[in-house]
Amino acid sequence: MTSGNLKAAKEKKSGRSKPPVDEKVPLLPTKKEEDVGFDEFDGGSFTGAVFNLSTTIVGAGIMALPATMKVLGLVFGIAMIIFMAFLTEYSVQMLLRCSKVGKSSSYGGVMEDAFGKYGRMLLQICVLVNNIGVLIVYTIIIGDVLSGTTLHGIHHAGLLEGWFGVCWWNGRTFVLLVTSLAIFAPLACLKRIDSLKFTSALSVALAVVFLVIMVGITIIKLIIGSIAMPRLFPDVSDLSSFLDLFTVVPVLVTAYICHYNVHSIHNELEDNTQMKAVVRSSLALCSTVYVMTSLFGFLLFGEAILDDVLANFDANLGIPFGSLLNDVLRVSYAVHLMLVFPLVFYPLRLNLDGLLFPTAKPLASDNLRFALISCGLISVTFLGSNFIPSIWDAFQFTGATSAVCIGFIFPAAITLKDRHSIAVKKEKILCIFMIVLAVFSSVVAIYSDAYDLYKKNKSRRE
């Protein structure tokens, strides 16, 4: 068999001839001719695709999910995590169906096919807001772990405070400044995402270390009988407490956002008919991790659980080597987030450049533009992490604005627009439900945040 025949056989096996991938093209292409998109990953196997999509999903959301148990109770909380996984799976499948019929190979291409160039631009803006919010959440958690946090008048000491006492150099602002300059900036200077594959693998391993240690601590405390029975159902006594139940929806949506990477993973699969199984396997894996973290985190700390569960690991756990396990657990996840930071930063920078300079030469070949955009985004992240009080507030904002649009509203709107007449009545009813749930929970979450901020400012003035 000649080399030409071999090439033809490979193309026949994959079901399509794949165009060469330009790593300098933004994740959501800004030009119609660049609709191939930005391939963030190299692997083409089923296992590699599952791993890549799972890495996209699991992030800082794992830290905020245990706090949702305090609002919903253990039964409803776990049920909502699983329910959101099903809704996410459905929204992703809708995107893939519409992209196949419309011959689009990116989320931006599907939005442009349905709503024109302004639909693509709106999606890009939402991705920017979402990724900036996620990076701010990462930085807040790192600050909580290293320098501590104060909640309801109670200070939870950070690692540096515990090791060296309170000093000027381990204050939150200074620590985050050093982290931004010494860790984030060098990693953000890498122009090829391929250069981050080793740090990505290490970050996943550290996240597993965190989960295993937390589960182990909880099991030990269950055996010795020092864990109280957790609250199983939400405490709803009035309208306000009922509306509070909807404030967890944006947090849950943010925890499952992966839509902006689905097409790049789909495009590189050798057999793209496996994508449905890839999505389901990834969501099953991630929802299992989320359920375990939420369950064991709430069992371990109960009603005392904080918005960032890592901040709870500053006290004596009452088990042998408890202090050492606390430190290992917090260090492992803090380093994990430091290494994941550039993976979220990379598409953020490319999409911002594509939005601001759609006709300019590739970002990687313009050092001045590359440096200015990188410095600007790192500065925004640093300032946001110092002025936003907790990851719950950050998750509610990004979840109530950009995340619900990316995860629910846009896929449902594309299906309802149904330019290619592929949606059935049952699917359109579910899309209407998704939009109503997303909009209502977003309004409630934004109102809740604004009202809490008003009460805090009023109490300070008094």
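What counts and what doesn't
Residues numbered from 1 in each chain as written. Predicted model: local features only at pLDDT ≥ 70, side-chain atom pairs only at ≥ 80, totals over all residues. Heavy atoms only, no water. Helix = DSSP H or I, 4+ residues; strand = E, 2+ residues; numbered from the N terminus. Buried < 20%, exposed > 50% of the residue type's maximum accessible area, 1.4 Å probe, protein only. Contact = heavy atoms within 4.5 Å. Areas by Shrake-Rupley, 256 points an atom, 1.4 Å probe, with all protein chains shown as cover. Axes fitted to C-alpha atoms, helices over the stretch in contact; angles between N-to-C directions. Parallel < 35°, antiparallel > 145°, perpendicular 65-115°, else oblique. Left-handed = near helix turned anticlockwise from the far one by under 90°. Nonpolar A, V, L, I, M, F, W, Y, C, P; charged D, E, K, R; others polar. Phe/Tyr/Trp six-rings, centres within 6.5 Å; stacked < 30°, edge-to-face > 60°. Core = buried A, V, L, I, M, F, W, Y, C linked by side-chain atoms within 4.5 Å. pLDDT = per-residue confidence, 0-100. Polar contact = N/O pair within 3.5 Å; in protein donor to acceptor, adjacent residues only side chain to side chain. Patch = residues over 30% accessible without salt bridge, like charges linked within 9 Å, V, L, I, M, F, W, Y side chains within 5 Å. Salt bridge = Lys/Arg side-chain N within 4 Å of Asp/Glu carboxyl O. Disulfide = S-S within 2.5 Å.

**Focus: the overall build of the protein chain**
Here comes step 1: Within the protein chain one finds 16 helices and 2 strands.
Here comes step 2: Put simply, the protein chain has 462 residues, and 54% of those count as buried.
Here comes step 3: Counted over contacts in the protein chain with a minimum sequence separation of 6, partners at least 24 positions apart contribute 81%.
Here comes step 4: Accessible surface, the protein chain: about 20600 Å² in total, of which carbon and sulfur atoms supply 68%.

**Focus: the packing of helix H7 (residues 172-188) against helix H14 (residues 367-387)**
Here comes step 1: Viewed as axis vectors pointing N to C, H7 and H14 meet at an angle of 150°, and their least axial separation amounts to 10 Å. Comparing their axes, H14 and H7 come out roughly antiparallel. In this structure, the crossing between H7 and H14 has a hand that is right-handed. Packed against H7, whose contacting residues are Arg-172, Thr-173, Leu-176, Leu-177, Ser-180, Phe-184, Ala-185 and Ala-188, the element H14 presents Phe-370, Ser-374, Ile-378, Phe-382, Ser-385 and Asn-386 at the interface.
Here comes step 2: Across the contact of H7 with H14, the residue classes break down as 8 nonpolar, 5 polar and 1 charged.

**Observations regarding the packing of aromatic side chains**
Here comes step 1: For the structure on display, the rule yields 6 aromatic pairs.
Here comes step 2: Between Phe-210 and Tyr-333 the ring centres are 4.9 Å apart and the planes differ by 55°, which places this aromatic pair in the tilted class. On the criterion of sequence distance, the pair formed by Phe-210 in helix H8 (residues 197-223) and Tyr-333 in helix H13 (residues 322-356) is long-range, its members being 123 residues apart. For the residue pair Phe-210 and Tyr-333, the accessibility class agrees, reading buried in each case.
Here comes step 3: A ring pair is formed by Tyr-256 and Tyr-290, whose centres lie 5.3 Å apart and whose planes are at 80°; its orientation type is edge-to-face.

**Focus: the environment of Ile-224**
Here comes step 1: Tracing the chain through its elements places Ile-224 in the loop between H8 and helix H9 (239-244).
Here comes step 2: When near neighbours in sequence (up to four residues on either side) are disregarded, Ile-224 contacts Gly-318 and Ile-319.

**A few points about unusual backbone geometry**
Here comes step 1: A positive phi angle, near 55°, is found at Lys-103, a position not held by glycine.
Here comes step 2: Tracing the sequence through the fold places Lys-103 in the loop between helix H3 (61-101) and helix H4 (107-115).
Here comes step 3: For Asp-418, which is not a glycine, the phi torsion comes out positive at approximately 45°.
Here comes step 4: Relative to the elements of secondary structure, Asp-418 occurs in the loop between helix H15 (391-417) and helix H16 (425-461).

**Some remarks on helix H10 (residues 248-255)**
Here comes step 1: Across the 8 residues of H10, 8 count as buried, placing the element largely inside the fold.
Here comes step 2: Considered for burial, the residues of H10 that qualify are Val-248, Val-249, Pro-250, Val-251, Leu-252, Val-253, Thr-254 and Ala-255.

**Re the nonpolar core**
Nonpolar side chains in soluble globular proteins generally cluster together in the buried interior.
Here comes step 1: Counting 115 residues, the largest nonpolar core has Met-84, Tyr-290 and Phe-313 as the members making the most contacts within it.
Here comes step 2: For this core, the element with the highest residue contribution is H3, accounting for 17 residues.
Here comes step 3: Among all residues touching Met-84, those that are not within four sequence positions of it are Val-249, Leu-252, Val-253, Tyr-256, Phe-408 and Leu-437.

**Details of the confidence of the model for the protein chain**
Here comes step 1: Mean pLDDT over the protein chain works out to 78, with 81% of the residues at or above the 70 mark.
Here comes step 2: When pLDDT is averaged over each element of the protein chain, H14 comes out on top at 89 and helix H1 (residues 3-14) at the bottom at 47.
Here comes step 3: Counting interchain partners and residues more than four positions distant, the pLDDT-below-50 stretch residues 6-43 has 88 contacts.

**Looking at the side chain of Ser-99**
Here comes step 1: With respect to the helices and strands, Ser-99 occurs in helix H3.
Here comes step 2: Among the polar contacts listed, one links the side chain of Ser-99 to the backbone oxygen of Leu-96, at a separation of 2.8 Å.
Here comes step 3: When neighbours within four sequence positions are excluded, Ser-99 is seen to be in contact with Ser-104, Val-110 and His-263.

**Regarding the side chain of Thr-381**
Here comes step 1: One can find Thr-381 in helix H14.
Here comes step 2: For Thr-381, a relative accessible area of 3% gives the class buried.

**Thoughts on a nonpolar patch on the surface**
Here comes step 1: Taken together, the side chains of Trp-163, Phe-164, Trp-168, Trp-169, Phe-174, Leu-177, Val-178, Leu-181 and Val-331 present a nonpolar region at the surface, about 930 Å² in accessible area.
Here comes step 2: Of all the secondary-structure elements, those providing two or more residues to the nonpolar patch are helix H6 (159-164) and H7.
Here comes step 3: If one sorts the elements of the nonpolar patch by residue count, H7 sits on top with 4 residues.
Here comes step 4: Inspection of the secondary structure puts Val-331 in helix H13.

**A look at the state of the cysteines**
Here comes step 1: Enumeration according to the criterion identifies 0 disulfides in this entry.
Here comes step 2: No disulfide involves Cys-98; its sulfur sits 8.5 Å from that of Cys-431, the nearest cysteine.
Here comes step 3: Summary of cysteine pairing: Cys-189 is not part of a disulfide, and the nearest cysteine sulfur, belonging to Cys-375, is at 7.4 Å.

**Topic: the pattern of salt bridges**
Here comes step 1: Under the counting rule described, the total for this entry stands at 10 salt bridges.
Here comes step 2: Through salt bridges that share partners, Asp-353, Asp-366 and Arg-369 make up one connected network.

**What about the environment of Gly-322?**
Here comes step 1: With respect to the element layout, Gly-322 can be found in helix H13.
Here comes step 2: Spatially, the C-alpha atom of Gly-322 lies 8.4 Å from that of Ile-217, the residues being 105 residues apart in sequence.

**Thoughts on the environment of Thr-293**
Here comes step 1: Tracing the chain through its elements places Thr-293 in helix H12 (residues 275-301).
Here comes step 2: Along the chain, Thr-293 and Met-63 lie 230 residues apart, while their C-alpha atoms are 8.2 Å from each other.
Here comes step 3: The contacts of Thr-293, once residues within four sequence positions are left out, are Ile-62, Pro-66, Phe-210, Leu-211 and Met-214.

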